[in-house]
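Listed below, chain by chain, are the residues.
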Amino acid sequence: MTVTDAARTSWEPGQALRTADPELADLLSAEAERRASGLQLLAGENQATAAVLEALAGPLVDKYAEGYPGHRHHTGCAVADATELLAVSRARALFGAAHANVQPRSGTAAMLAAFAALLRPGDTVLAMSLEHGGHLSCGSRANFSGRWFDVIGYGVREEDGRIDLDQVRELARRHRPKAIVAGSISYPRHPDWAAFRAIADEVDAFLVATAAQVTGLVAAGLAPSPVPYADVVVGATHKLLRGPRGGLLLCTAELAERVDRAVFPFSQGGAAMNEVAAKAVAFAQAAAPEFGAYIRRAVDGARVLAERLGESGARPLTGGTDTHLVTADVGPLGLTGAQAERRCAAVGLMLGKCALPFDPAPTAETSGIRLGTGTAAAIGLGPTELAEVGSLIGALLSGGEPGPVAARVRELARGRSAEAVR
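Note that residues are indexed from 1 along each chain, following the sequence as it is written. It should be noted that, the model being predicted, local features are given only for residues of pLDDT at least 70 and side-chain atom pairs only at 80 or more, the latter also being counted only at that level, while totals for whole chains, interfaces and linings use all residues. Values reported for side chains reflect all heavy atoms of the structure, with hydrogen atoms and water molecules removed beforehand.

## Comments concerning the overall build of the chain
For the purposes of this entry, the term helix denotes a DSSP run of H or I that reaches at least four residues, the term strand denotes a run of E that reaches at least two, and both are numbered from the N terminus. A count of helical and extended segments in the chain gives 16 helices and 17 strands. What the globule rule says is 2.2 Å times the number of residues to the power 0.38, and the radius of gyration is computed from C-alpha atoms. The globule rule puts the C-alpha radius of gyration for 422 residues at 22 Å, and the 21 Å found for the chain is close to it. Seen through its principal axes, the chain has C-alpha atoms that stretch 60 × 60 × 40 Å. Sorting the 422 residues of the chain into buried and exposed places 57% on the buried side. Any pair of residues with heavy atoms lying within 4.5 Å of one another is described as a contacting pair. In the chain, 71% of the contacts between residues at least 6 apart in sequence involve partners at least 24 apart. Surface accessibility follows the Shrake-Rupley procedure with a 1.4 Å probe radius. Residue values consider only the protein chains on display as shielding. As displayed, the chain has an accessible area near 17100 Å², and 53% of this comes from carbon and sulfur atoms. The positive charge centre, built from 41 side chains, and the negative charge centre, built from 45, are 1 Å apart in the chain. Burial classes follow relative accessibility: with a 1.4 Å probe on protein chains only, a residue under 20% of its type's maximum area counts as buried, one over 50% as exposed, and anything between as partly exposed. Positive charges come from Lys and Arg, negative ones from Asp and Glu, while His and the chain ends are left out of the count. Lys charges are placed at NZ, Arg charges at CZ, Asp charges at CG and Glu charges at CD.

## Quick look at the sheet that holds strand S16 (residues 352-354)
At least two bridges found by DSSP between two strands are what make those strands a pair. Taken in spatial order, the four strands make up an open sheet running S13-S14-S17-S16, and their pairing is antiparallel. Two strands bound the open sheet, and with one partner strand each, they are strand S13 (315-316) and S16. Note: S16 against strand S17 (residues 368-372), three bridges, orientation antiparallel. Residue pairing in the sheet places Cys354 in a bridge with Gly368 of S17. Here the axes come from fitting lines to C-alpha atoms, over the contacting stretch only for helices, and the angles between their N-to-C directions go from 0 to 180 degrees. Taken strand by strand, helix H12 (residues 289-312) contacts S13, strand S14 (325-329) and S17, and its axis lies near 10° from that of S14. Lying on the sheet, helix H13 (residues 337-345) is in contact with S16 and S17; it crosses S16 at an angle near 170°.

## A short note on the sheet that holds strand S10 (residues 232-236)
Spatially, seven strands are ordered S5-S11-S10-S9-S8-S6-S7 in an open sheet, and the strand pairing comes out mixed. Across the chains shown, the open sheet's two edge strands, defined by having one partner strand only, are strand S5 (99-101) and strand S7 (150-154). Going across the sheet, the axis of each strand differs from the next one's by a mean of 20°, ignoring polarity. Contacts between helix H5 (residues 107-118) and the sheet are confined to strand S6 (124-128), strand S8 (179-182), strand S9 (206-210), S10 and strand S11 (247-251), with S10 contributing the most and set at about 170° to the helix.

## Overview of the packing of H13 against helix H15 (residues 383-397)
Between H13 and H15, the shortest axis-to-axis distance is 10 Å and the interhelical angle comes to 115°. Here H13 lies roughly perpendicular to H15, going by the angle between them. Where H13 crosses over H15, the handedness of that crossing is right-handed. Contact with H13, carried on its side by Ala340, Arg343 and Cys344, involves Ile393, Leu396 and Leu397 of H15 and no other residues of that element. Polar here means any residue other than Ala, Val, Leu, Ile, Met, Phe, Trp, Tyr, Cys and Pro, which are nonpolar, and Asp, Glu, Lys and Arg, which are charged; Gly is therefore polar. The class makeup of the residues in the contact of H13 with H15 is five nonpolar, no polar and one charged. An angle below 35 degrees is treated as roughly parallel, one above 145 as roughly antiparallel, one from 65 to 115 as roughly perpendicular, and anything else as oblique. For any helix crossing, the convention is left-handed if the near helix is rotated counterclockwise from the far helix by under a right angle, and right-handed if that rotation is clockwise.

## Notes on the confidence of the model for the chain
On average, the chain scores 93 in pLDDT, and the residues at 70 or more come to 96%. Below pLDDT 50 for its whole length, residues 417-422 participates in 12 contacts with residues either more than four positions away or in separate chains. pLDDT is a residue-level measure of predictor confidence that goes from 0 to 100.

## A few points about unusual backbone geometry
A cis amide bond links Phe264 to the next residue, Pro265, at an omega of 15°. When you line up the elements, Pro265 lands in helix H10 (residues 256-267). One non-glycine residue, Arg242, lies in positive phi territory at about 65°. Positionally, Arg242 belongs in the loop between S10 and S11. By relative accessible area, which is 0% here, Arg242 ends up buried.

## Quick notes on helix H11 (residues 273-286)
To estimate how far a helix should reach, multiply one less than its number of residues by 1.5 Å. Look at H11: 20 Å from first C-alpha to last across 14 residues, which is about the 20 Å you get at 1.5 Å a residue. Burial analysis of H11 places 12 of its 14 residues in the buried class, the great majority of the element. Of all the residues in H11, the buried ones are Met273, Asn274, Glu275, Val276, Ala277, Ala278, Lys279, Ala280, Ala282, Phe283, Gln285 and Ala286.

## Focus: the side chain of Asp123
Relative to the assigned elements, Asp123 resides in the loop between H5 and S6. What qualifies as a polar contact is a pair of N or O atoms within 3.5 Å, subject to a donor-acceptor requirement within protein and to the restriction that residues adjacent in sequence count only when both atoms come from side chains. Of note is the side chain of Asp123, whose polar atom sits 2.8 Å from the backbone nitrogen of Arg120. Leaving out residues up to four positions away in the same chain, Asp123 has contacts with Phe149, Asp150 and Lys178.

## Looking at H13
Helical geometry: 3.6 residues make up each α-helical turn, so side chains three or four residues apart lie on a common side. Within H13 the residues assigned to the buried category are Gly337, Ala338, Ala340 and Cys344. End-on view of H13: buried residues confined to an arc of 160°, all on one side of the axis. Residues of H13 that are buried make contact with strand S15 (349-350), S16, S17 and H15. When we speak of the arc, we mean the arc of directions from the helix axis to the C-beta atoms.

## A closer look at the nonpolar core
To form a nonpolar core, buried Ala, Val, Leu, Ile, Met, Phe, Trp, Tyr and Cys residues must be joined to one another through side-chain atoms within 4.5 Å. Counting 64 residues, the largest nonpolar core has Phe95, Tyr154, Ile180 and Phe283 as the members making the most contacts within it. Tallying contributions element by element places H11 first for this core, with eight residues. Every residue in contact with Phe95, bar those within four places of it in the chain, is listed here: Thr215, Val218, Ala219, Ser225, Val227, Leu248, Leu250 and Phe283. In terms of nonpolar packing, the next biggest core, distinct from the first, is built from 35 residues, Ala306, Ala314, Leu335 and Ala413 among them.

## Some remarks on the side chain of His324
Residue position: His324 is located in the loop between S13 and S14. Only 3.1 Å separates the side chain of His324 from the side chain of Gln213, close enough to count as a polar contact. Residue contacts for His324: discarding those within four places in its chain leaves Ala43, Gln213, Leu217, Leu240, Ala298, Val299, Ala302, Leu371, Gly372 and Thr373.

## Some remarks on the packing of helix H7 (residues 165-175) against helix H8 (residues 193-202)
One way to put it is that H7 packs onto H8 with a least axis distance of 9 Å and a crossing angle of 15°. Taken together, H7 and H8 sit at an angle that is classed as roughly parallel. Between H7 and H8 the crossing geometry is right-handed. Here Leu165, Val168, Arg169, Ala172 and Arg173 of H7 come into contact with H8, specifically with Ala195, Phe196, Ile199 and Glu202.

And the structure:
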């Protein structure tokens, strides 16, 4: 099975789990069935490859390896050291980075470490506002970032939905932030990393790239890389990279020691070595030629998906997408994002409600939906199928009968999954 194959079209618990905990085994079987009978269009999810799953369940799953290779706090770490060094070397080669830290357990944990390496509590940070697509770890008052730092938000232009670089520059000059964060979780266009670098240099600020959504695109060479421009890049190894849920930090050689110490011992204890091993697998698979074909399928599929949603009466933000992300306003269809999410979930189409820039709807309801094509591409769906999916969503949200849509969704999920592993 290759990186472009479906990792699991069916799954059943083994005898050990069935015997030890039949209740949990039933729950996991139900989750496998849910995935196999519907289409996962959640932008933050993907389907890990079979090789990644095997590494996660391997003998490093319970190895305690606190510290870094050659400097562990426990004995018996020779294999753990070699595994981490392999993951680091593969990450550096894949992204062209001077230094990589593969220990963060999530993208948010990686962002915490990036801030800890560069900032002190009370420092000013300029980041994309949450209302315009920023992440919780870049300014939410419910998160460390909004509690420990003075976060100033920038946004997009109302007329076209594109990042307002003039506003970014004006805010940077006015507030003189210690760090500028470029990137978001729902902006469907490529950030202008060079422009952000120029603004950061003008005010003597660090540039942090939050690239969790585009890590896989950058790995495949299908998105501009932030590595040549950012002081620290925060990535994720799930999503389009198809690795384990986890974070990744890339940085300059000058910041390597600060970044490493911000991960351990400041914000984490011992690394999850099975996750580090699975990350090493994902980096190797992302370097393979077929990974580029997979990413191209996801990007091309997202573009036609956005087109069909637009034809249905929804309004794709920025008029389309450069990535695997599609964010669309469903207000023109007389729905809130939450209503659209529930209507789609009822027929096996899993997507997420999404607050939009200048959104008049309450946060709990929103006016938008956010979709991603990573999982669909992983099970073999290409532009032709995703164009159909866009039409199915449009018909459903326009008041069409759910029964035929649900039946077709099951056919697409099961039929293409089976074809992907032949």
